[in-house]
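# Topology and contacts: notes
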Amino acid sequence: TAQTAQTAQTAQTAAGLASEGLQALQQAEALPALPPQAQELHQSPKASEFEALDGSVRHSAGRVLAELFERKAAEALVSMHKDTREAQRLESTASQLRGKAERLQRGIHGAVATAAKTVADEILKKTVREVNLMSEEVKLAEENAAQSQELANEAMQKAKAAERALSSEVHRIRQANE
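Just so you know, these numbers come straight off a predicted model, no measurement behind them. (Residues numbered from 1 in each chain as written. Predicted model: local features only at pLDDT ≥ 70, side-chain atom pairs only at ≥ 80, totals over all residues. Heavy atoms only, no water.)

## Quick look at the overall build of the chain
Along its length, the chain carries three helices and zero strands. Mapped in sequence order, the helices and strands of the chain form the string α-α-α. By residue count, 10% of the 178 residues in the chain fall in the buried class. Summarising the internal contacts of the chain: among those between residues at least 6 apart in sequence, 76% fall at separations of at least 24. On the chain, roughly 14600 Å² of surface is accessible, and the fraction owed to carbon and sulfur atoms is 59%. (Helix = DSSP H or I, 4+ residues; strand = E, 2+ residues; numbered from the N terminus. Buried < 20%, exposed > 50% of the residue type's maximum accessible area, 1.4 Å probe, protein only. Contact = heavy atoms within 4.5 Å. Areas by Shrake-Rupley, 256 points an atom, 1.4 Å probe, with all protein chains shown as cover.)

## Some points on a nonpolar patch on the surface
Residues Leu104, Ile108 and Val112 make up a contiguous nonpolar surface patch of roughly 310 Å² in combined accessible area. With respect to the secondary-structure elements, Val112 resides in helix H3 (residues 47–177). (Patch = residues over 30% accessible without salt bridge, like charges linked within 9 Å, V, L, I, M, F, W, Y side chains within 5 Å. Salt bridge = Lys/Arg side-chain N within 4 Å of Asp/Glu carboxyl O.)

## Quick notes on the pattern of salt bridges
In the structure shown here, the tally under the stated rule is four salt bridges. Where Glu86 meets Arg89, a salt bridge forms, and the shortest distance between an N and an O atom there is 2.6 Å. Here the residue Glu86 and the residue Arg89 both occupy positions in helix H3, the gap between them amounting to three residues, near one helical turn. Looking at Glu86, the relative accessible area reads 25%, which means it is partly exposed. One salt bridge connects Asp121 with Lys117, and the closest N-O pair in it is separated by 3.1 Å. Taken together, the residues span about one helical turn, with Asp121 and Lys117 both in helix H3 at a distance of four residues. Residue class for Asp121 comes out partly exposed when judged on its relative accessible area of 31%.

## A closer look at the confidence of the model for the chain
Per-residue confidence for the chain gives a mean pLDDT of 79; residues scoring 70 or more make up 70%. Per-element confidence in the chain ranges from a low mean pLDDT of 53 for helix H2 (residues 36–43) to a high of 85 for H3. (pLDDT = per-residue confidence, 0-100.)

Written as structure tokens, this is what we have:
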């Protein structure tokens, strides 16, 4: 992540500062010999004072560089610790958000399943009502058909009776005419 990259960069900065501090100390120790005018003073009666002063200046310069390096390294370490804590906090937040996303996804699946079941139940109830209505209509149609059949049978019997009566009358009339 960006925080991890920043932490790595802070560590590299601290390492760079350490390297610079060491180089500065080495450079202070490796300063060239005194310039010719200073060498003349070096050979004068105050040479020991000058050497003491030169050593003191070199020592002070090294100490100042070391203190500067120490402060920079401490700042870099504090920054690195802050970056590490921030990265851990962000990772924790990301983990919590992933957990919430998973719970929401499970909830959505459950809600979709519940909604689908509810819709299926409603369709089933509607279909059962329609089947029951059709069954009642079929039963009513069967009853009507049975009544129509009875009426048709009665009409047929009356027609046969009328045909027999007519046939019998025609037969009687023929016999009377003969």
